[in-house]
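Breakdown of the fold
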Amino acid sequence: MSTKSRYEELKSEISKHNYLYHVKDAPVISDLEFDKLLNELKRIEAEHPDWITPDSPTQRAGAKPADRFEKVRHPAPILSLANAFGADDAHAWLERITKIDDRVEKAKFVVEPKIDGLSVVLHYRDGLFVQGATRGDGEVGEDITSNLRTVRAIPLKIPVESKAKVSVPSHLVVRGEAFIPTKEFEALNRQLEEAGEKTYQNPRNTAAGSLRQLDPKLTASRPITLLVYQIIHSEGGKVPTSQWEILEYLKALGFPVTDVARRFDSLEDAIAYTETWNEGRDSLPYEADGMVIKIDDLTLAGELGFVGKDPRGAIAFKFPAREVTTTLNDIGVAVGRTGVLTPYAV
Ligand code: IVH
């Protein structure tokens, strides 16, 4: 085999093992064997630097720190969600949108976890990961491509499996939630504590902070992963028109997609499933503050429009606040600048 063919083979082998480890959670080779493959790839690249492509697994290593982040205008607004605090709110939502469009009566619903992380927008051109941005104000975000490249669950090339019979639009923009899994967060804090360093408050802020700082090497050292759930924009190719099929399609491309999502024929069943997670939320490997209930038919969902930044076709069904017992030790009174008295609990 020529060195060039071996190089191509190594790139796709390593990408496959990266995918099996970081997306499928099912590695088939040891870390040692993986490192051997990566070292062989690095040796070839040292001899042939002109062969290096942006999807080479070596290009994940943290690049040089940036001076600042460039702004990125999103191809479509990155929307938010209205909240429902219980079944009554969810029924009221259904009633409101049925009045707008009676096709809602026959709608199906997809339920997904609402991950407490950082919304990111990933751009692929001809299957290559070319840009990644934060949500920002929903119209314009920050270009954090170099940081996101270090996140191993993000495919640098899609479809990840070259044999996959799935076509990719020439421009595909997907949205997902980047986060640090609970266990990894606890391990990180234990490590910091042992090293006598300051520990982090919570996984969400740690993930957000690690992605929104200028040194990709620091991002690379943090256990950040992600789950994707939406196609923001596509050009030059077809993508599915239902939320359920979008999740299947993204999975087939090699993106990490939740395995907790379910599709239901009625809102009743969707709510019942959602409520099973009120108790079960702690068994999820990440922090979630609720479940999202989405109208499956994305054409219908889109036509329902939005209220401010909240699409009418989906709703965040929030988990009830966690209840803990606490002791009131004292009540203090703060005096404001204008003499206003504000009592506070200690
Ligand atoms: S859907 C039209 N799905 O929750 C699409 N959002 O409070 C609107 N989030 O800003 C978003 N998991 O960052 C959607 N499975 C999920 C989500 C999700 C987490 C976040 C997202 C959004 C926020 C809304």
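A short tour of the structure in this document, coming up. Everything numeric here is computed off the predicted structure, so don't read it as measured data.

1. Here's the deal with the site of the ligand
- In the neighbourhood of the ligand, 15 residues make up the surrounding shell, with Glu112, Pro113, Arg175, Glu177 and Lys294 lying closest.
- Contact between the ligand and Lys114: an oxygen atom at 3.3 Å from a side-chain N or O atom of the residue.
- Contributing elements (two or more residues each) for the shell around the ligand: strand E3 (109-115), strand E7 (171-179), strand E8 (225-235) and strand E10 (288-295).
- Class assignment of the residues belonging to the shell around the ligand gives a composition of 7 nonpolar, 3 polar and 5 charged.

2. As for the packing of helix H3 (residues 87-100) against helix H9 (residues 267-280)
- Where H3 contacts H9, the two axes come as close as 11 Å, and the packing angle between them is 150°. Taken together, H3 and H9 sit at an angle that is classed as roughly antiparallel. Once H3 is placed against H9, the crossing between them reads as right-handed. In contact with Ala87, Ala90, His91, Trp93 and Leu94 of H3, H9 contributes Leu267, Glu268, Ile271 and Glu275.
- Here the contact of H3 with H9 is built from residues that sort into 6 nonpolar, 1 polar and 2 charged.

3. Details of H3
- Taking 1.5 Å of rise per residue, 14 residues should cover 20 Å, and H3 covers 20 Å from first to last C-alpha, within 8% of that figure.
- Restricting attention to buried positions, one finds in H3 the residues Ala90, Trp93, Ile97 and Thr98. The arc enclosing the buried residues of H3, seen along the axis, measures out at 130°, which places them on a common side. For H3, exposure combined with an orientation more than 90 degrees from the buried face picks out Asp88, Glu95 and Lys99.
- In this fold, the buried residues of H3 make contact with strand E2 (82-84), E3, H9, E10 and strand E13 (314-318).

4. Considerations on the packing of aromatic side chains
- For the structure on display, the rule yields 7 aromatic pairs.
- Judged by centre distance (5.4 Å) and plane angle (45°), the ring pair of Phe264 and Tyr273 falls under tilted.

5. Regarding the nonpolar core
- Core analysis: the largest hydrophobic core is formed by 36 residues, its most contacted members being Leu122, Leu148 and Phe255.
- For this core, the secondary structure elements donating two or more residues are strand E4 (118-125), E7, helix H6 (203-211), E8 and helix H8 (243-253).
- When residues in this core are grouped by element, the largest group, 5 residues, is from H8.
- Phe255 has contacts with Val23, Leu122, Tyr124, Pro155, Ile158, Val174, Val228 and Leu250, leaving out every residue within four places of it along the chain.
- Val104, Phe109, Ile271 and Ala288 belong to the second largest nonpolar core, which has 30 residues in total.

6. Considering the pattern of salt bridges
- Taken as a whole, this structure holds 15 salt bridges when the rule is applied.
- When the shortest N-O distance is used, the salt bridge between Glu13 and Lys16 registers 3.4 Å. One end of the pair is Glu13 and the other is Lys16, both in helix H1 (residues 3-22) and 3 residues apart, which spans about a single turn.
- Classification of Glu13 by relative accessible area gives partly exposed; the value is 28%.
- Because the salt bridges share partners, they merge into one network encompassing Arg6, Glu9 and Glu40.

7. What to know about the environment of Lys64
- Within the secondary structure, Lys64 is located in the loop between helix H2 (31-47) and strand E1 (71-73).
- A C-alpha to C-alpha distance of 6.9 Å links Lys64 and Asp215, two positions 151 residues apart in sequence.

8. Describing the sheet that holds E4
- If you walk across this open sheet you meet the 4 strands as E5-E4-E7-E8, and the pairing is antiparallel. With one partner strand each, in any of the chains shown, strand E5 (128-134) and E8 form the two edges of the open sheet. Mean inter-strand twist for the sheet, computed between neighbouring axes without regard to direction, equals 25°.
- Where E4 meets E7, 8 bridges bridge the pair, whose relative direction is antiparallel.

Rules used throughout
Residues numbered from 1 in each chain as written. Predicted model: local features only at pLDDT ≥ 70, side-chain atom pairs only at ≥ 80, totals over all residues. Heavy atoms only, no water. Near = heavy atom within 4 Å. Polar contact = N/O pair within 3.5 Å; in protein donor to acceptor, adjacent residues only side chain to side chain. Helix = DSSP H or I, 4+ residues; strand = E, 2+ residues; numbered from the N terminus. Nonpolar A, V, L, I, M, F, W, Y, C, P; charged D, E, K, R; others polar. Axes fitted to C-alpha atoms, helices over the stretch in contact; angles between N-to-C directions. Parallel < 35°, antiparallel > 145°, perpendicular 65-115°, else oblique. Left-handed = near helix turned anticlockwise from the far one by under 90°. Contact = heavy atoms within 4.5 Å. Expected span 1.5 Å × (residues − 1). Buried < 20%, exposed > 50% of the residue type's maximum accessible area, 1.4 Å probe, protein only. Arc of directions from axis to C-beta. Phe/Tyr/Trp six-rings, centres within 6.5 Å; stacked < 30°, edge-to-face > 60°. Core = buried A, V, L, I, M, F, W, Y, C linked by side-chain atoms within 4.5 Å. Salt bridge = Lys/Arg side-chain N within 4 Å of Asp/Glu carboxyl O. Pairing = 2+ DSSP bridges.

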